[in-house]
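Remarks on the overall topology
Each chain is listed here by its residues.
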Amino acid sequence: MPRSVNTVASRARRKRVLKLAKGYFGRRKNVWTVAKNAVEKGLGYAYRDRKVKKREFRKLWIQRINAGARQEGLSYSALMGALKKANIDLNRKVLADLALNNPAAFKAIVEKVK
């Protein structure tokens, strides 16, 4: 009896990977083995960098808050400690946005906790 191979499923699998490789340069977009490796690598980077993105945004927010706080004569850590003590629950994302786009509101918050 001849060997049965599920061609439909394997072709679909290859098509799915080649579709993910669309836009890649050279053989990475149309040669199955090269495309498979490139897509696997890319998906790994995507998974890793979804976590890294959160870290990088937090770093950016802290830098912006620190810059705004230093203009008001406080350090970042002193400001955050004072906010905690005053029970003002604003997250870093909102504080950074205020420091950048609405300095008057940020100044009012700093004056409240000084």
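For the structure itself, consult the block above.
Every chain is numbered independently, its residues counted from 1 as its sequence is written. Note on the predicted model: pLDDT of at least 70 is required for a residue's local features to be given, and 80 or more for side-chain atom pairs to be given and counted; whole-chain, interface and lining totals, by contrast, use all residues. Excluded from the side-chain calculation are hydrogens and water; included are all heavy atoms of the structure.

1. Details of unusual backbone geometry
Backbone geometry follows two general trends: most residues other than glycine have a negative phi, and most peptide bonds adopt the trans configuration. The condition is simple: Helix and strand definitions follow DSSP, with helices as H or I runs of at least four residues and strands as E runs of at least two, each counted in order from the N terminus.
Although it is not a glycine, Asn 87 adopts a positive phi angle of roughly 55°. By the secondary structure assignment, Asn 87 is in the loop between α3 (76-85) and α4 (92-101).

2. As for the environment of Trp 61
In plain terms, the rule: The contact rule is simple, with two residues in contact once any of their heavy atoms fall within 4.5 Å.
With respect to the helices, strands and loops of the structure, Trp 61 is situated in helix α2 (residues 32-71). Linking Trp 61 and Arg 92, residues 31 residues apart in sequence, is a C-alpha distance of 5.9 Å. Those residues in contact with Trp 61 that lie beyond four places of it in its chain are Arg 92, Lys 93 and Ala 96.

3. Thoughts on the side chain of Glu 72
Our working rule: Note on classification: 1.4 Å probe, protein chains only; a residue is buried when its accessible area is under 20% of the maximum for its type, exposed when over 50%, partly exposed between these limits. Think of it this way: Lys and Arg go in the positive column, Asp and Glu in the negative one, and His and the chain ends go nowhere. Any carboxyl oxygen of Asp or Glu that lies within 4 Å of a side-chain nitrogen of Lys or Arg is treated as forming a salt bridge with it.
Position of Glu 72 among the secondary structure elements: in the loop between α2 and α3. No salt bridge is formed by the buried Glu 72. Its closest oppositely charged neighbour is Lys 107, at 4.4 Å. Not counting residues up to four positions away in its chain, the partners in contact with Glu 72 are Lys 107, Val 110, Glu 111 and Lys 114.

4. A closer look at the packing of α2 against α4
Condition: In this analysis an axis means a line fitted to C-alpha atoms, helices contributing only their contacting stretch, and an angle means the value between N-to-C directions, from 0 to 180 degrees. Here roughly perpendicular refers to angles of 65 to 115 degrees, roughly parallel to angles under 35, roughly antiparallel to angles over 145, and oblique to all remaining angles. Two helices cross in a left-handed way if the nearer one is turned anticlockwise from the farther one by less than a right angle. They cross in a right-handed way if the turn is clockwise. Residues are grouped as follows: nonpolar covers Ala, Val, Leu, Ile, Met, Phe, Trp, Tyr, Cys and Pro; charged covers Asp, Glu, Lys and Arg; every other residue, Gly included, is treated as polar.
Viewed as axis vectors pointing N to C, α2 and α4 meet at an angle of 45°, and their least axial separation amounts to 8 Å. Classed by the angle they form, the pair α2 and α4 counts as oblique. Here α2 and α4 pass one another in a crossing that is left-handed. Along the contact surface, α2 presents Arg 58, Trp 61, Ile 62, Arg 64 and Ile 65, while α4 presents Arg 92, Lys 93, Leu 95, Ala 96, Ala 99 and Leu 100. Residues that form the contact of α2 with α4 fall into these classes: seven nonpolar, no polar and four charged.

Interpretation note: all reported values are geometric properties and have no functional meaning in isolation.
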